[in-house]
Amino acid sequence: MSKMAVLYKAELRKILSKKSVWIALLLSLALVLLVGFTNFSADGKGVYVKQQEKTLGAISGQKMDDEFFEMFHSTVQKELDEHPDQYNSLLEYDRGEAYKRAAESAGMKALYDVIYNTVRSKDAVIDVTADEFYEKMRKDIESDGLELGCTQEEVDEWLQWFDKVEKPIEYSYALSYQNVLDVLFIIGWALILNIAIALSGVFADEKTHRTDAMILSAKNGRTPICLVKIAASITAALLQTLVLLGSCIGIEFLFYGADGWNAPIQIIIPSSPWNITIGEMILIYAGLAILSSIFFAITNMVLSHLTKSAVATMAIHAGIIFAGLFNVPSKLGLIAKLWQLRPSMALYYGTFCNTYRYGVFNNVELTTILYLGLSIILVLFLVLSYKKSQVQSR
Amino acid sequence: MELILDRVTKQYASKIAVDRITVNLKPGVIGLLGANGAGKTTLMRMICGILNPSSGTISFEGMDASDEMYRDALGYLPQDFGYYPNFTGMDFLMYMAALKGLDKSEAKRKCNELLKTVNLENAANKKIKTYSGGMKQRLGIAQAVLNDPKILILDEPTSGLDPKERVRFRNLIAELGKDAIVILSTHIVSDVEHIADRILMMKEGNIIFDGNISDINEDLETFYLKEFGGSEDE
């Protein structure tokens, strides 16, 4: 066991001793923190945020019923009435915009956004009732499903789930989690890049360093070292994931607090039929981030072993990143659905509600099954293939 | 204790690098001489189990070259010895010792002993990237003998060594050859003429001479040059 510990430490050291790994991680970290700070800064340099925390924190936990909507409308109306000089001219030509600005000033921007994201019209926010709010949610679930190319049966299944969500839903000031989920998408991209930089040389560098012959001719130079390399690579990938995920959650908590863990996810994704809390969704996505990073790590190792070139491995990943920029139209059916499972989209929570064929699998479940299955197959392939490695002429 | 090569052949698309070589090797120092491109490195890689022969077999005490236990009996210094620039000499040897299956405490003891033997004691904790060519080569030799191999394959081991180090190294090889099969590949005749118990000469993938130095009635270098048509580079 001590031999394996020595090998594991050495392999981890080989990966983490590269300057490029730390430079890429620091740049990604800076990006995550910058996005977090930019969001905060865009929210009126935090003035509105602090006001919101106070106003919306006070109504967190209340049911979003008619009484709640009346309270919202009356608070905004009060703001409009108390500051006519600020809003009167705007009210004349864009009532919805005036209402939005008044909601912001009243410290209710996050609540306004929840309502707006559901009714999808500034004018509709002005006098929306609880019944209209939930009816619109239901209609959007149906139209979004059909737009995604789901069958009517699939959409009906979604609606049945949505009907099981307890209504009126409970409001919670959950801005930090919403931002975390937004930034997760960026983290997904950063992880592909960071893991590729860190692990593209795991097997290829042995050829570059001309150490492959010595390793392969040693007693533990076949299956044991391959398993150790896999373990060290996964550790490095997980370290990167946890650093990025932790810093993202940390900065959002710092700016927006930690409220909203137990709120229903409709606060964040109005057109979701799922009956789960935001906290559960965060845990699901944290798990998915971990699984994705393991999958990316294994993919890198396989490419590194097959190509015997860190540059070629990086080039293939650059291609994957580039291809990930394109969308496949939903009218292409199965291809479009599979394309949504690509690495760059794995942590995009906007597809969380996408559920397919008779509700058997949703995007997260499909991604989990696909990444887990492929990871196992690729590890088996890697171990068997590495065991037969040869050193050809250089 | 016998290393058996039975009709070992390595054929690439249009070239036969090693052509049906059959030899039985017993403990002692075996000098493998041949010009560049004669097939020495290919043969050594096959003996090390890192290159599959196109045909033929290599076995040692009933174990095939692809067996884990065969590799356990093997020590190998490749011609182009590689290393990790950011590892210290000690780190590198500990890593290689773990690869060779040595326990940590045994590995530590063995590494210290070998660093002393190859005169790298004072540089043990310095990064390998700061080592001279000769120091790197000595480190390579140390890693090859970490597991007290029964089969020791040394491919051009003296390149980069100064004359004093060469002598020191020859003595070490002669010592190791008492208990192990040491195959020392070189194209420098003087590397093997004083220590080799047996000489194998390779040309174009074939063994053109297999015998003891005493079988040769003239100076080895002269004999070698004669066999290779007067020039080592042919």
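Model, not experiment: these values are computed from the prediction. (Residues numbered from 1 in each chain as written. Chains lettered and ligands numbered in written order. Predicted model: local features only at pLDDT ≥ 70, side-chain atom pairs only at ≥ 80, totals over all residues. Heavy atoms only, no water.)

Caption draft 1: Structural detail: the overall build of chain A. Looking only at helices and strands, chain A features 18 helices and zero strands. Overall, the C-alpha framework of chain A stretches about 80 × 45 × 40 Å when taken along its three principal axes. For chain A, the residues scored as buried account for 51% of the 394 residues in total. Roughly 17100 Å² of accessible area belongs to chain A as shown, and the carbon and sulfur atoms make up 64% of that amount. (Helix = DSSP H or I, 4+ residues; strand = E, 2+ residues; numbered from the N terminus. Buried < 20%, exposed > 50% of the residue type's maximum accessible area, 1.4 Å probe, protein only. Areas by Shrake-Rupley, 256 points an atom, 1.4 Å probe, with all protein chains shown as cover.)

Caption draft 2: Molecular detail of the overall build of chain B. Scanning chain B from N- to C-terminus turns up seven helices and 10 strands. For a compact globule of 234 residues, the expected C-alpha radius of gyration is about 17 Å, and chain B comes in at 18 Å, within 12% of that figure. In terms of principal-axis extent, the alpha carbons of chain B reach across some 45 × 40 × 35 Å. In chain B, once contacts between residues fewer than 6 apart in sequence are set aside, the share between residues at least 24 apart is 67%. Surface exposure of chain B reaches about 9800 Å², of which carbon and sulfur atoms provide 45%. Of the side chains in chain B, 28 bear a positive and 34 a negative charge, and the two mean positions are spaced by 7 Å. (Rg over C-alpha atoms; globule rule 2.2 N^0.38 Å. Contact = heavy atoms within 4.5 Å. Lys, Arg positive; Asp, Glu negative; His and termini not counted. Charge placed at Lys NZ, Arg CZ, Asp CG, Glu CD.)

Caption draft 3: Spotlight on the domain arrangement of chain A. All names here are of chain A. Here chain A is described as being made up of domain 1 (3-39 + 173-393) and domain 2 (47-163). Distance from the C-alpha centre of domain 1 to the C-alpha centre of domain 2: 36 Å. Each partner contributes residues to the interface: domain 1 has 21 residues there, and domain 2 has 27 residues. Of the roughly 2100 Å² buried where domain 1 meets domain 2, counting both sides, 61% is carbon and sulfur surface. (Domains from an automatic or database assignment. Buried area = accessible area lost by both parts, 1.4 Å probe.)

Caption draft 4: Examining the packing of helix H1 (residues 2-16) of chain A against helix H14 (residues 223-256) of chain A more closely. Residue and element names in this part refer to chain A. Relative orientation of the contacting elements H1 and H14 amounts to 50°, with a least axis distance of 9 Å. With respect to their mutual orientation, H1 and H14 come out oblique. The way H1 lies across H14 gives a crossing that is right-handed. Residues Met4, Leu7, Tyr8, Glu11, Leu12, Lys14, Ile15 and Leu16 of H1 touch H14, and the partners they reach there are Pro224, Ile225, Val228, Lys229, Ala231, Ala232, Ser233, Thr235, Ala236 and Leu239. Its residues assigned to classes, the contact of H1 with H14 shows 13 nonpolar, two polar and three charged. (Axes fitted to C-alpha atoms, helices over the stretch in contact; angles between N-to-C directions. Parallel < 35°, antiparallel > 145°, perpendicular 65-115°, else oblique. Left-handed = near helix turned anticlockwise from the far one by under 90°. Nonpolar A, V, L, I, M, F, W, Y, C, P; charged D, E, K, R; others polar.)

Caption draft 5: Structural detail: the pairing of strand E4 (residues 55-60) of chain B. Residues and elements named next belong to chain B. When strand E1 (residues 3-12) meets E4, the two strands line up antiparallel, connected through five bridges. Of the residues in E4, the one forming a bridge with Asp6 is Thr57. Taken together, the two bridges between E4 and strand E5 (residues 63-64) define a ladder with antiparallel strand orientation. Its bridge partner lying in E5, Ser59 is registered against Asp64. Connecting the antiparallel pair E4 and E5 is a turn made up of two residues, with Glu61 showing a positive phi of about 50°. (Pairing = 2+ DSSP bridges.)

Caption draft 6: A look at the interface of chain A and chain B. Facing 31 residues of chain A, the contacting portion of chain B comprises 35 residues. Carbon and sulfur atoms make up 57% of the surface buried where chain A meets chain B, a total of about 3000 Å² over both sides. The closest approach of N and O atoms between Arg13 of chain A and Asp91 of chain B, which form a salt bridge, is 2.6 Å. Between chain A and chain B we count 17 residue pairs in polar contact (both at pLDDT 80 or more) in total. Elements with a minimum of two residues in the side of chain A that touches chain B: H1 and helix H13 (212-216) of chain A. Of the residues forming the side of chain A that touches chain B, the biggest block, nine residues, is contributed by H1 of chain A. (Salt bridge = Lys/Arg side-chain N within 4 Å of Asp/Glu carboxyl O. Polar contact = N/O pair within 3.5 Å; in protein donor to acceptor, adjacent residues only side chain to side chain.)

Caption draft 7: Summary view of the sheet that holds E1 of chain B. All names here are of chain B. Reading across the sheet, the four strands line up as E2-E1-E4-E5 and stay open at both edges, with antiparallel pairing between neighbours. A strand with exactly one partner marks an edge of an open sheet, and here the two such strands are strand E2 (15-25) and E5. Set on the sheet, helix H1 (residues 40-47) makes contact with E1, E2 and E4; between it and E1 the angle comes to about 125°.

Caption draft 8: Looking closely at a negative patch on the surface. Residues and elements named next belong to chain A. Taken together, the side chains of Asp66, Glu67, Glu70, Asp123, Asp127, Asp131, Glu132 and Glu135 present a region of like negative charge at the surface. For the negative patch, the elements supplying multiple residues, two or more each, are helix H4 (66-82) and helix H9 (130-147). Along the chain, Glu135 turns up in helix H9. Classification of Glu135 as partly exposed rests on a relative accessible area of 41%. (Patch = residues over 30% accessible without salt bridge, like charges linked within 9 Å, V, L, I, M, F, W, Y side chains within 5 Å.)

Caption draft 9: Summary view of the packing of aromatic side chains. Throughout the structure, instances matching the rule amount to 22 aromatic pairs over all chains. Measuring from centroid to centroid gives 6.4 Å for Phe185 of chain A and Trp189 of chain A, while their planes differ by 90°, and the two rings are edge-to-face. In this pair, Phe185 of chain A and Trp189 of chain A are both assigned in helix H11 (residues 175-199), four residues apart and thus about one turn of the helix distant. An aromatic cluster is defined as three or more aromatic residues linked by ring pairs; in this entry it consists of Phe81, Tyr83, Tyr84, Phe87, Phe92 and Tyr95 of chain B. Over the ring of Phe87 of chain B we find Arg13 of chain A; its NZ or CZ atom is 4.6 Å from the centre of that ring. If you follow Lys167 of chain A out to its NZ or CZ, it ends over the ring of Phe162 of chain A, 4.1 Å from the centre. (Phe/Tyr/Trp six-rings, centres within 6.5 Å; stacked < 30°, edge-to-face > 60°. Lys NZ or Arg CZ within 6 Å of the ring centre and 35° of its normal.)

Caption draft 10: Inspection of the pattern of salt bridges at higher detail. Residue and element names in this part refer to chain A. Applying the stated criterion to the full structure yields 26 salt bridges over all chains. Of the charged contacts, one joins Lys229 and Glu11 as a salt bridge, the two residues approaching to 3.1 Å between their closest N and O atoms. Here the residue Lys229 occupies a position in helix H14, and Glu11 occupies one in helix H1, the gap between them amounting to 218 residues. For Lys229, a relative accessible area of 1% translates into the label buried.

Caption draft 11: How the structure looks around helix H5 (residues 133-144) of chain B. Counted at 1.5 Å a residue, the expected span for H5 of chain B with its 12 residues is 16 Å, and the 17 Å between its end C-alpha atoms agrees. In terms of burial, H5 of chain B is a largely internal element, 11 of the 12 residues being buried. For H5 of chain B, the full list of buried residues reads Gly134, Met135, Lys136, Gln137, Arg138, Leu139, Gly140, Ile141, Ala142, Gln143 and Ala144 of chain B. Among the structural elements, H13 of chain A together with strand E6 (74-77), helix H3 (89-99), helix H4 (104-117), strand E7 (151-155) and helix H6 (163-176) of chain B are those in contact with the buried residues of H5 of chain B. (Expected span 1.5 Å × (residues − 1).)

Caption draft 12: Spatial organisation of unusual backbone geometry. Pro168 of chain A follows Lys167 of chain A through a cis peptide bond whose omega is 0°. With respect to the helices and strands, Pro168 of chain A occurs in the loop between helix H10 (152-164) and H11. In this model, Arg210 of chain A sits at a positive phi of 60°, which is unusual for a non-glycine residue. Within the fold, Arg210 of chain A resides in the loop between helix H12 (204-208) and H13. Despite not being glycine, Glu156 of chain B has its phi angle at roughly 50°, a positive value. Relative to the assigned elements, Glu156 of chain B resides in the loop between E7 and H6. The buried category is assigned to Glu156 of chain B, whose relative accessible area is 6%.

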